[in-house]
Amino acid sequence: LKHAARLAPAPCRWNSGLPVNIGVLFVPQQEAWVVERMGKFHRILEPGLNFLIPLLDRIRYVQSLKEIVINVPEQSAVTLDNVTLQIDGVLYLRVMDPYKASYGVEDPEYAVTQLAQTTMRSELGKLSLDRVFRERESLNASIVDAINQASDCWGIRCLRYEIKDIHVPPRVKESMQMQVEAERRKRATVLESEGTRESAINVAEGQKQAQILASEAEKAEQINKAAGEANAMLVKARAKAEAIQLLAAALAQQHGNAAASLSVAEQYVNAFSKIAKDSNTVLLPANTGDVTNMVAQALGIYTTLTKPQAVKTQDEMPSAHEDSRSPATEMLKAEQGSSS
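Summary of the structure given here. All of these numbers come straight from a predicted model, not from anything done at the bench. (Residues numbered from 1 in each chain as written. Predicted model: local features only at pLDDT ≥ 70, side-chain atom pairs only at ≥ 80, totals over all residues. Heavy atoms only, no water.)

## A few points about the packing of aromatic side chains
In this structure the tally under the stated criterion is 4 aromatic pairs. When the ring of Phe-41 is compared with that of Tyr-103, the centres are 6.0 Å apart and the planes differ by 80°; the resulting orientation is edge-to-face. Of this pair, Phe-41 sits in strand S3 (residues 40–45) while Tyr-103 sits in helix H2 (residues 98–103), and the two are 62 residues apart along the sequence. With a relative accessible area of 35%, Tyr-103 lands in the partly exposed category. Members of the aromatic cluster, each reached through a chain of ring pairs, are Phe-41, Tyr-61, Tyr-99 and Tyr-103. The cationic tip of Arg-160 hangs over the ring face of Tyr-92; the distance from NZ or CZ to the ring centre is 4.3 Å. (Phe/Tyr/Trp six-rings, centres within 6.5 Å; stacked < 30°, edge-to-face > 60°. Helix = DSSP H or I, 4+ residues; strand = E, 2+ residues; numbered from the N terminus. Buried < 20%, exposed > 50% of the residue type's maximum accessible area, 1.4 Å probe, protein only. Lys NZ or Arg CZ within 6 Å of the ring centre and 35° of its normal.)

## Brief notes about the nonpolar core
If you look at the biggest cluster of nonpolar residues, it comprises 30 residues, and the most contacted ones within it are Leu-91, Ile-147 and Tyr-161. Put simply, the parts of the chain that give this core at least two residues each are strand S6 (67–78), strand S7 (84–95), helix H3 (108–124), helix H4 (129–134), helix H5 (136–151) and strand S8 (156–167). When residues in this core are grouped by element, the largest group, 6 residues, is from H3. Residue contacts for Ile-147: discarding those within four places in its chain leaves Leu-91, Val-112, Leu-115, Ala-116, Thr-119 and Cys-158. Judged by nonpolar contacts, the second largest core, of 8 residues, contains Leu-25, Leu-45, Leu-52 and Val-62. (Core = buried A, V, L, I, M, F, W, Y, C linked by side-chain atoms within 4.5 Å. Contact = heavy atoms within 4.5 Å.)

## Quick word on the sheet that holds S8
Spatially, the 3 strands line up as an open sheet ordered S6-S7-S8, and their pairing is antiparallel. Every other strand in the sheet has two partners, leaving S6 and S8 as the edge strands with one partner each. Averaged over all adjacent pairs, the angle separating strand axes in this sheet is 20°, with direction ignored. Where S6 lies against S7, 10 bridges are found, and the strand directions are antiparallel. Note that in S7 the partner of Val-69 across the bridge is Tyr-92. Contacts from H5 reach S7 and S8, with the element oriented near 140° to S8. (Pairing = 2+ DSSP bridges. Axes fitted to C-alpha atoms, helices over the stretch in contact; angles between N-to-C directions.)

## Focus on the sheet that holds strand S2 (residues 31–37)
Overall, antiparallel pairing links the 3 strands, which are arranged S3-S2-S5 in an open sheet. Each having just a single partner strand, S3 and strand S5 (57–64) make up the two edges of the open sheet. Pairwise comparison of adjacent strand axes, ignoring direction, gives a mean angle of 25° for this sheet. Here S2 runs beside S5; their pairing, made up of 7 bridges, is antiparallel. Paired with Glu-36 across the two strands is Arg-58, which belongs to S5.

Written out as structure tokens, the structure reads:
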């Protein structure tokens, strides 16, 4: 059995079989044929036409230089927070040195696969369950770096490693689902509270603006009202001044005092006629029936009010009024004579 195993052909690396040396060989592109002469490494045949010595030279290994895809079997790994995961992956590698790949390791595919599995378990043990799902890219890069450091002496370079599936235990999956639902409810509550806060802020801001606008409107209304009252007072004052000027001009004319006396008498009589309508209690003078006496009293009041103005006028122009008599006095005497 040992002799049969010694004479058995070497395993073919990623190829179906070894070619037979017939002296003239055609090597396909992206393949490297390792040739041994009398059991010792001789050379590596390059793609194209090659010549070998039959019986002395033997093609020992055929290495493919293409990128090779290897499925990493599913395995269990424990995370940092003691959660057991079932994880598998895909490994992409390429033979960079056919000599090292042929003589550096017996089975490169098996060696790289085992190295990928152990490295993956080691890297998963450094991460928690949440970080495993968030940092898959960094996990893949760490596995690639670890494989390249170990497979450099084998003439193989790992290009990339991808995790295909991560299977979580059912209970852990249920817990994760509950956590996701709780997180979503939390976000919904936070969003609802933020919406309520924004709504309250908007309402308060609107009320503030409304109060400001109302106060400004009230201020403008008061200003306009005050301006209107001031204008009305000015207009009334001007009208009253004009009326006084017209009245003074009328009194200065002939028989002006008589007209003034007649107007005072009418107003006096009208006032007494309205007293009984406003109140049940009426206070009347003793000589109510003596209209002449009442008119004389009214003219006396009028003379008393106009006397300071007459005195001032006499002081200013003494020569013009030395011999003249007061119209009011003459009017009073004339009425007293007529009444008597």
